[in-house]
Amino acid sequence: MEVLDKLLNVALLVATLRTTAPILLVGLGGSFTTKAGIFNIGLEGQMLVGAFFAVLGSIWSGSAFVGVLCGVAAALVFALVFALLVVTFRANEVVVGLALNILAGGMTISLMKAVFGTRGSIVGHGIVGLPKVQIPWARELLGSWAPLVSGYTPLVYVAFFAVPLLVLFYRRTRLGLYIRVVGEKPEAAEALGISIARIRYVASLLCGLLAGLAGAHLSLGYITMFTENMSSGRGFMAVAILIFSNGDPLRVLGGCLLFGFADAFSLRLQTFGFPSYLILAVPYAVALVALFALSYRSRPRIIRETLESMRKLLSVEPGRADADNTPST
Amino acid sequence: MSDRLRAVYGQLLAVLFALAIGAIIILMVDESPVKVFMTLLRGAFGDQAKIAGTLLQTTPILICGVAACIGLRGGMFNVGIEGQLFLGGFAAAWVGFALPLPAGVHMLVGLAVATLAGAAWVAIPAFFRARYNTNEVVSTILSNYVAVLLTSYFTIFLFKRPGGWSETPPILPTAYLPELFSFSRLNWGLVIGLVLALSVAWFFRYTSKGYSISMVGSAPKFAEYGGVNVKRQGFLVLLVSGAVGGLAGGVETLGVHHRFMEGFAPGFGFDGLIAALLANGSPIGTIVTALFFGALRSGSLLLEVETTASREIITVIQALIILSVSAQVLMKRRGDSTAGERRWKF
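The rules behind these values
One numbering rule holds for all chains: residues counted from 1, following each sequence as written. Chains and ligands are labelled sequentially in the order written, the chains with letters from A and the ligands with numbers from 1. Totals for whole chains, interfaces and linings use all residues, but because this is a predicted model, local features are given only for residues with pLDDT of at least 70 and pairs of side-chain atoms are given and counted only at 80 or more. The helix count covers DSSP runs of H or I at least four residues long, the strand count covers runs of E at least two residues long, and both are numbered beginning at the N terminus. We compute the radius of gyration over the C-alpha atoms and compare it with the globule rule, which gives 2.2 Å times the number of residues raised to the power 0.38. Counting other C-beta atoms within 10 Å of a residue's C-beta gives its exposure: the residue is buried at 20 or more, exposed at 12 or fewer, and partly exposed in between, where C-beta atoms are placed from the backbone. This entry defines residue contacts through backbone-placed C-beta atoms, with two residues in contact when those atoms are within 7 Å. UniProt positions are given in the numbering used here, feature names are shortened, and annotations may be inferred rather than shown by experiment. Put simply, Ala, Val, Leu, Ile, Met, Phe, Trp, Tyr, Cys and Pro go in the nonpolar bin, Asp, Glu, Lys and Arg in the charged bin, and everything else, Gly too, in the polar bin. Scored from 0 to 100, pLDDT reflects the predictor's confidence in each residue. Every helix has an expected span of 1.5 Å times one less than the residues it contains. We define the bend at any residue as the angle between the axes fitted to the seven residues before and including it, ending there, and the seven starting there. For helices, the fitted line uses only the C-alpha atoms of the stretch in contact; every axis is such a line through C-alpha atoms, and the angle between N-to-C directions lies from 0 to 180 degrees. In these notes the angle categories are as follows: under 35 degrees is roughly parallel, over 145 is roughly antiparallel, 65 to 115 is roughly perpendicular, and the rest is oblique. Crossing handedness: left-handed means the near helix sits turned counterclockwise from the far one by under a right angle, and right-handed means the same turn made clockwise.

(A) Main features of the overall build of chain B. Scanning chain B from N- to C-terminus turns up 13 helices and zero strands. Ordering the α and β elements of chain B from the N terminus gives α-α-α-α-α-α-α-α-α-α-α-α-α. Relative to the compact-globule value of 20 Å for 346 residues, chain B shows a C-alpha radius of gyration of 20 Å, a close match. For chain B, the C-alpha atoms occupy an extent of roughly 65 × 55 × 35 Å along the three principal directions. Residues counted as buried form 56% of the 346 residues belonging to chain B. Long-range pairs, those at least 24 residues apart, make up 78% of the contacts in chain B between residues at least 6 apart in sequence.

Here it is, written out as structure tokens:
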């Protein structure tokens, strides 16, 4: 029991929320592109340049906020290039995404060498990290549970508040609806006079914005440093989550919490003397298992949906054609 | 034939364009592009030993490139070649130090086990891709991370050389891939790679099985209509691609390092994939592009010594090449309707 107590306690929950935040931010970013019908494997690279330029901006200006802005700007540039190639030039999404990831890796290392003359990591140099937000009255009201809601860096709150905002965005706003229509039925969008290209650009840039925040959180959040390839596959895990969540914000949250928990739990296992290499592999393995398990589960749904759309095709009702754009799930 | 010439010409233009952008980036990191490119060239082809060094780097890229070609032609993105390479490399090392066998046989068994390890590592993603349409790009990328950590675990916790630093015991000399020349570690792996590329090219060009695989890659519905078992074939394509990726690891272990160590061949899997993409999925073309990337890698070693630029600048150049190729290949198709399928041209 004592072991269990040591493993499962408030600190673990707090650690889970903390490790969930970056992957949740990047996952929600990817939700925009997923909903708009773009398979965005370039999240990893956008996050990485976000992390690097956040550190650079923070050192240069002495302000964490400016650092975050720089990180976001860099990620937006990558998102713009992605959209340019994928939307305008109709290049293959996978190829462009992978190439941008490779570019991000090589570029950050080269720039690190050029600016700091070092390899491996940037530590110190006057990097200003994000402050921790103390919620007033939290300690008085919640006692030992207070760390659960108070004392995180701002981007953690941004990540979790973004979830309901995104739900509303997709349900209640015109842009949200357009993004969904473009993703689910591009033909219908075209017929309605929606510019598919413009919507996909917007979705891609919104994605870059959140991916940049995720990167900034990595390098200015709980640790204030940049290391080579520090996004370490979180972007890819986010893509896995996006595949089985279909980009729905609530399901993205669920998937991200699972990974946050796997991450936090495995770090804790490390203190019990499990070999670190196996522990480090746990989140990736969880992502793989979830991907496989959920694709197995979604099989009947695919068949059902195919049948449904076949039926709809056979009984065409021209006037109602665009009422079918809301997802059936 | 003129079509193919035009394709090569377009590819060359894209490479030049990428090099131009690369030059601008090099200027931005305060180096002279001319100096960087000349150093790369000298580092790659400066003398006999350097040329052999370039070919040594080309070997794993070529084999990984062939692995990627097999997948791409069959409509499968095997992004997990890196992981298959690591698993294959470790498996070959294990055979090399743990199973004493007669010379020659030992080496062949090592390569065979490496091949099997690569295929086994991709088997689960391949199965789910074929059966349930699970995106193979994501599953193979994620499995790379697991593969690298798993082999590190094997190396450091289970088979560490006593007194050594994160490496396995050396393999027995009976398992060595023989070297080609006395002045370099260049070995028969290069020949294996060339033979492999040529035979895969022959397979796709002259056999009906190869034709049906290409057909699934370029027009899956047509292939299915024509009676091809698309799922089964997709599974096999990924499996063979993974097997070749594992072979690349075996060749690297038995030919170059003679042991498995942490991070023994970083990035070769991705370089192979990029080489295959640049060659538009052609194994013969991959020989040329692998040589190009091998030269870049080999040249970058001198770059690190003689200039302030980091050797990762070549990664930047490679990525830029792929980006500009991806844009130019599809430039011609800009007028298509949005409903059209977006896919790499093969």
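(B) Looking closely at the overall build of chain A. When helices and strands are counted, chain A shows 14 helices and two strands. Sorting the 329 residues of chain A into buried and exposed places 50% on the buried side. Taking as baseline every contact in chain A between residues at least 6 positions apart, the subset at least 24 positions apart corresponds to 75%.

(C) Fine view of the UniProt feature "transmembrane region" (unreviewed entry) in chain B. Residue and element names in this part refer to chain B. Taking the numbering used here, the UniProt-annotated feature "transmembrane region" (unreviewed entry) corresponds to residues 7-29, 49-72, 84-101, 107-128, 140-159, 186-204 and 268-293. A helix fraction of 100% and a strand fraction of 0% characterise residues 49-72, whose end C-alpha atoms lie 34 Å from each other. Split by type, residues 84-101 is 83% helix and 0% strand. Its first and last C-alpha atoms lie 25 Å apart.

(D) Broad picture of the UniProt feature "transmembrane region" (unreviewed entry) in chain A. All names here are of chain A. Listed under "transmembrane region" (unreviewed entry) in the UniProt record, and renumbered for this structure, are residues 6-26, 38-60, 66-87, 94-116, 151-170, 201-223 and 274-294. Across residues 66-87, helical content stands at 100% and strand content at 0%; the span's end C-alpha atoms are separated by 30 Å. Summarising residues 94-116: 100% helix, 0% strand, and an end-to-end C-alpha distance of 32 Å.

(E) Expanded view of the interface of chain B and chain A. Listed per partner, the contact involves 48 residues of chain B and 45 residues of chain A. At the level of elements, helix 5 (105-132), helix 6 (136-158), helix 11 (268-278) and helix 13 (313-331) of chain B are the ones that each hand at least two residues to the side of chain B that touches chain A. Per element, the largest residue contribution to the side of chain B that touches chain A is 14 residues, and it comes from helix 6 of chain B. Residue composition of the side of chain B that touches chain A, by class: 30 nonpolar, eleven polar and seven charged.

(F) Up close: the confidence of the model for chain B. Residues and elements named next belong to chain B. Here chain B averages 86 in pLDDT, while 94% of its residues score no lower than 70. Segment residues 330-346: pLDDT under 50, and 26 contacts once partners within four positions in sequence are set aside and those in other chains are kept. The ipTM value of the predicted complex is 0.87, and its pTM value is 0.87.

(G) Up close: unusual backbone geometry. Residue and element names in this part refer to chain A. The phi torsion at Arg90 lies on the positive side, around 55 degrees, for a residue other than glycine. Inspection of the secondary structure assignment puts Arg90 in the loop between helix 4 (64-88) and helix 5 (93-116). Judged by the 22 C-beta atoms lying within 10 Å of it, Arg90 falls in the buried class. A positive phi angle is found at Asn246, which is not glycine, with a value near 60 degrees. Along the chain, Asn246 turns up in the loop between helix 11 (234-245) and helix 12 (249-270).

(H) The environment of Gly164 of chain B, seen in detail. All names here are of chain B. Inspection of the secondary structure puts Gly164 in the loop between helix 6 and helix 7 (189-206). Taking the number of C-beta atoms within 10 Å as the measure of exposure, Gly164 has 14 and is therefore partly exposed. Sequence separation between Gly164 and Gly294 is 130 residues, and the spatial gap between their C-alpha atoms is 29 Å.

(I) Structural view of the confidence of the model for chain A. For chain A, mean pLDDT is 83; residues scoring 70 or higher make up 86% of the total. Contacts of residues 316-329 of chain A to residues separated by more than four positions or lying in other chains number twelve contacts, the stretch itself having pLDDT below 50.

(J) Just helix 3 (residues 48-73) of chain B, in detail. Residue and element names in this part refer to chain B. With 26 residues, helix 3 ought to run about 38 Å at 1.5 Å a step, and its terminal C-alpha atoms sit 36 Å apart, in line with that. At Thr58, helix 3 shows its maximal bend, which comes to roughly 30 degrees, and the proline Pro60 appears one to four places after that position. Buried residues dominate helix 3, accounting for 22 of its 26 residues. Where helix 3 ends, the next residue or the one after it, Gly75, has phi of about 80 degrees, a positive value.

(K) Local environment of the packing of helix 8 (residues 208-218) of chain B against helix 10 (residues 230-257) of chain B. Residue and element names in this part refer to chain B. Where helix 8 meets helix 10, the axes come as close as 11 Å, and the angle between the chain directions of the two elements is 100 degrees. In terms of axis orientation, helix 8 runs roughly perpendicular to helix 10. When helix 8 is examined against helix 10, the residues Ser212, Ile213 and Val216 are found in contact with a partner set consisting of Val230, Gln233, Gly234 and Val237. Taken together, the residues of the contact of helix 8 with helix 10 sort by class into four nonpolar, three polar and no charged.

(L) Highlighting the packing of helix 2 (residues 33-45) of chain B against helix 12 (residues 283-306) of chain B. Residue and element names in this part refer to chain B. Their axes nearest at 7 Å, the elements helix 2 and helix 12 cross at an angle of 115 degrees. The handedness of the crossing between helix 2 and helix 12 is right-handed. Taking contact as the criterion, the partners of Val36, Thr39, Leu40, Leu41, Arg42, Gly43, Ala44 and Phe45 in helix 2 are, on helix 12, Ala295, Leu296, Ser298, Gly299, Ser300, Leu301, Leu302, Leu303 and Glu306. Of the residues that constitute the contact of helix 2 with helix 12, the class distribution is ten nonpolar, five polar and two charged.

(M) How the structure looks around the environment of Ile70 of chain B. Residue and element names in this part refer to chain B. Secondary-structure assignment places Ile70 in helix 3. Taking the C-beta count within 10 Å as the criterion, Ile70 has 31 such neighbours and is therefore assigned buried. Separated by 54 residues in the primary sequence, Ile70 and Ile124 place their C-alpha atoms 18 Å from one another. Leave out the neighbours within four places in its chain, and Ile70 touches Val200, Val237, Val240, Ser241 and Val244.

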